[in-house]
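# Structural overview for review
Each chain, written out:
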Amino acid sequence: MALRFYNTLSQQVEEFSPASDNTVRMYTCGPTVYDYAHIGNYRTFVFQDLLRRFLKLRGFHLNHVMNLTDVDDRIIANAAAAGKNIRDYTEKFIQAFFEDCKTLSIEAPEHWVRATDNIDVMVQLIQRLQANTYTYASEGSIYYRITKFPNYGKLSKIDLTGIQAGARVDNDRYEKESARDFALWKAPKPGEHFWETAIGPGRPGWHIECSAMAMKFLGETLDIHAGGIDLAFPHHENEIAQSEAATGKPFARYWLHAEHLLVEGEKMSKSLGNFFTLRDLFKKGYKPSALRFALASVPYRKQLNFTFDGLTQATNSVERLRNFADRLRQGKFPAGKQDGMAARIAKATEEFDAGLSDDLNTARALAAVFDLVRDANIAMDKGEFRQGDVAAAQQFLTTFDKVFAVLEDNDAQKLQALGYGSAQASLSDAEIEKLIADRTAAKKNRDFAAADRIRKELADRGIILEDAKDGSVRWKRK
């Protein structure tokens, strides 16, 4: 099926293809590293990862840039309060972000790009805007004159009828209803970190950072620009204004935005006590795979209501998928093929692709997966599933996991890498298989006490055994 995405710019679902060759030039907004990222951020980052993975599954090459905003108003204020320079202050949170991405199986882009490494290209872009007369200076700062750009508001559809000529804002983030001239370059305040440049001392505004870095690595027109819906205005609107005023070309062909995450039906905030980072949830005993599944399960353009009941359901869903994969891998089935099962697997494969091709509809794709799991499990329970269908079912799960990335049973190792859980509790697959073989040998020698000790040791270390009627043993991690 053709790939179709909802383009915020046109407000329509459009068929997608790269502008040239088979490479998708994609820019996704990363974190502003003034603190640990929260689960609302990771809803967007998981969506961006699903998008990346599915594009690769469909045969595209990716040239993907994700920015790390390591200079903005909050970073400067927090670094000053901590008595640190910007680089030292942000390094802790950048490394934590990398660790969190690895824990959630979020693939690294082709380029991680730090704002502080690219001040020169930001200055050059501002100089282009100056040459095109889109700027004016005031008290050492440089502002973008939005009335000069007739298409301002075309992404967010903001109403400009009440705009005041010359009204400007210095804050990087401001009211959604307020369209005002924004700072491209900010004059330094006493004691603030700044750069000496050809346009004077100071630091970049937040919006110019992404425009400059995106075009440096991807060219003047991107295929896809993605981020959270909260960034559509002012951030992405201002990126368009800056970039297109400098180049005279469209900045991005497709704009994809993920909707907000709510917690138990309410906006997440520290004052409500419903603000969670990944590590807050890991401390409560939740698994990375369950959190990734929960964040991926709701299509990206729908609000996601994050609940602890939902996280428990996600845990159970991942367990069901892993149990099915284990059943395929460890089960002993009669030879041959079951009548109709090959067609059933092919239908699930087609529906899975159709769901993701339809604006990354993860709910539809997951329905295809779980419908097949149900049907195949019923066939296994009846003794009707055949060995000849195992490879096709496993291939389907492999295709599924190239996008959703939850089947590998490595939660314990991931949590231990972050300092949660006990290394003593972790066993490798080979160690588990060896203990199971020892238990089987003990039972064969009628040493049931030894067999029970091994079963208890495995249970104490999070491994559950299931003895099948045919004498085989299946195992899974808690």
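The paragraphs below set out a description of the structure included in this document. Since the model is a prediction, treat every value here as computed from it, not as a measurement.

### Concerning the overall build of the protein chain
Regarding its fold elements, the protein chain presents 15 helices and 17 strands. Taken along the three principal axes of its C-alpha coordinates, the protein chain extends 90 × 50 × 40 Å. Per-residue burial for the protein chain yields a buried fraction of 55% across its 478 residues. Of all intrachain contacts in the protein chain linking residues separated by at least 6 positions in sequence, the fraction that spans at least 24 positions is 75%. Surface exposure of the protein chain reaches about 21,000 Å², of which carbon and sulfur atoms provide 49%. Of note, the protein chain has its 65 positive side-chain charges centred 4 Å away from the centre of its 65 negative side-chain charges.

### Remarks on the packing of aromatic side chains
Geometry of an aromatic ring pair is reported as the spacing of the ring centres plus the angle between the planes. According to the stated counting rule, one finds 26 aromatic pairs in the structure shown. When the centroid spacing of 5.6 Å and the interplanar angle of 55° are considered together, the rings of F5 and F16 count as tilted. Taken together, the positions of F5 in strand β1 (residues 4-7) and F16 in the loop between β2 (12-15) and β3 (23-28) put the pair 11 residues apart, joining distant regions of the chain. The burial state of F5 is the same as that of F16; both residues are buried. Through successive ring pairs, a cluster of aromatic residues spans Y42, F45, F97, F98 and W112. Here K148 stacks its cationic end above the ring of Y134, 5.5 Å away from the centre of that ring. One cation-aromatic arrangement involves K270 over F275; the distance from NZ or CZ to the ring centre is 5.0 Å.

### Some remarks on the nonpolar core
One finds L55, Y144, I224 and F385 to be the most contacted residues of the largest nonpolar core, which totals 136 residues. Broken down by element, this core gets its largest block of residues, 10 residues, from helix α11 (residues 362-381). Residues I454, L458, V473 and W475 belong to the second largest nonpolar core, which totals 10 residues.

### Describing the sheet that holds β3
On the basis of which strands lie adjacent, the open sheet formed by five strands has the order β5-β4-β3-β11-β12 and parallel pairing. A strand with exactly one partner marks an edge of an open sheet, and here the two such strands are β5 (111-114) and β12 (252-258). The sheet shows a mean angle of 20° between the axes of neighbouring strands, taken without regard to direction. Judged from the six bridges that link them, strand β11 (residues 222-228) and β12 form a sheet pairing that is parallel. Residue pairing for β12: H225 is matched across the bridge by W255.

### Describing the pattern of salt bridges
All told, the structure shown has 37 salt bridges when counted by the stated rule. Among the ionic pairs, R279 bridges to D100, the shortest N-O distance being 3.1 Å. Remark: D100 occurs in helix α3 (residues 86-103) and R279 occurs in helix α7 (residues 278-283); sequence separation between them is 179 residues. We note that R279, like D100, is buried. Its salt-bridge partner being E220, residue K249 comes within 2.8 Å of it at the nearest N-O pair. Residue K249 is found in the loop between α6 (232-247) and β12, and its partner E220 is found in the loop between α5 (206-218) and β11; the two are separated by 29 residues along the sequence. Using a relative accessible area of 40% as the deciding quantity, one classes K249 as partly exposed. On the basis of relative accessibility, which here comes to 24%, the residue E220 falls in the partly exposed class. Counted as one network, the salt bridges with shared partners bring together D49, R52, R53, K56, E107, E110 and R292.

### Focus: the packing of helix α1 (residues 39-57) against helix α12 (residues 390-404)
At a minimum axis distance of 7 Å, the contact between α1 and α12 shows a crossing angle of 140°. In this view, α1 runs oblique relative to α12, as classed from their interaxial angle. When α1 is examined against α12, the residues L50, R53, F54 and L57 are found in contact with a partner set consisting of T399, D401, K402, V403 and F404. Among the residues making up the contact of α1 with α12, the classes are represented as five nonpolar, one polar and three charged.

### So, the sheet that holds strand β14 (residues 266-267)
The mixed open sheet is built from three strands, whose spatial order is β14-β13-β15. Among the strands making up the open sheet, the edge pair consists of β14 and β15 (304-306). Two strands pair when backbone bridges link them, and strand β13 (residues 261-263) and β14 are joined in this way by two bridges, in the antiparallel orientation. Counterpart to L262 in the pairing with β14 is K267. Of the strands in this sheet, β13 and β15 touch α1, which is tilted by about 145° from β13.

### Some points on the state of the cysteines
What is meant by a disulfide is a covalent connection between two cysteines, made through their sulfur atoms. Here the structure, examined in full by the defined rule, presents zero disulfides. C29 forms no disulfide, and the closest cysteine sulfur to it belongs to C210, at a distance of 4.6 Å. Residue classification places C29 among the buried residues on the basis of a relative accessible area of 5%.

Rules used throughout
- Positions within a chain are numbered from 1, following the residues in the order the chain's sequence is written.
- For a predicted model such as this one, the threshold for reporting local features is a pLDDT of at least 70, and the threshold for listing and counting side-chain atom pairs is 80 or more; totals across whole chains, interfaces and linings nevertheless cover every residue.
- Just so you know, side-chain values use all the structure's heavy atoms and leave hydrogens and water out.
- Helix numbers and strand numbers start at the N terminus; a helix is a DSSP run of H or I with at least 4 residues, a strand a run of E with at least 2.
- Relative accessibility under 20% of the residue-type maximum defines a buried residue, over 50% an exposed one, and the middle range a partly exposed one, all with a 1.4 Å probe and only protein chains included.
- Two residues qualify as a contact provided that any one of their heavy atoms is within 4.5 Å of a heavy atom in the partner residue.
- Residue burial considers only the protein chains on display, and all accessible areas are found by Shrake-Rupley using a 1.4 Å probe.
- Just so you know, the count uses Lys and Arg for positive and Asp and Glu for negative, and it drops His and the chain ends.
- Throughout, a charge is located at the NZ atom of Lys, the CZ atom of Arg, the CG atom of Asp or the CD atom of Glu.
- Any two rings among Phe, Tyr and Trp, with Trp reduced to its six-membered ring, count as a pair given centres within 6.5 Å; such a pair is stacked if its planes are under 30 degrees apart, edge-to-face if over 60, and tilted if neither.
- Lysine NZ or arginine CZ positioned within 6 Å of the ring centre and within 35 degrees of the ring normal marks a charge as sitting over the ring.
- Definition of nonpolar core: a set of buried residues of the types Ala, Val, Leu, Ile, Met, Phe, Trp, Tyr and Cys, connected through side-chain atoms within 4.5 Å.
- For two strands to be treated as a pair, DSSP must find at least two bridges joining them.
- To define axes, lines are fitted to C-alpha atoms, for helices over the stretch in contact only, and angles between the resulting N-to-C directions are given on a 0 to 180 degree scale.
- When a carboxyl oxygen of Asp or Glu lies within 4 Å of a side-chain nitrogen of Lys or Arg, that pair is called a salt bridge.
- Roughly parallel refers to an angle under 35 degrees, roughly antiparallel to one over 145, roughly perpendicular to one between 65 and 115, and oblique to any angle outside these ranges.
- Any residue outside Ala, Val, Leu, Ile, Met, Phe, Trp, Tyr, Cys, Pro, Asp, Glu, Lys and Arg is labelled polar, Gly included; the first ten of those are nonpolar and the last four are charged.
- Criterion for a disulfide: a pair of cysteine sulfur atoms at a distance within 2.5 Å.

Just distances and angles here, no functional claims.
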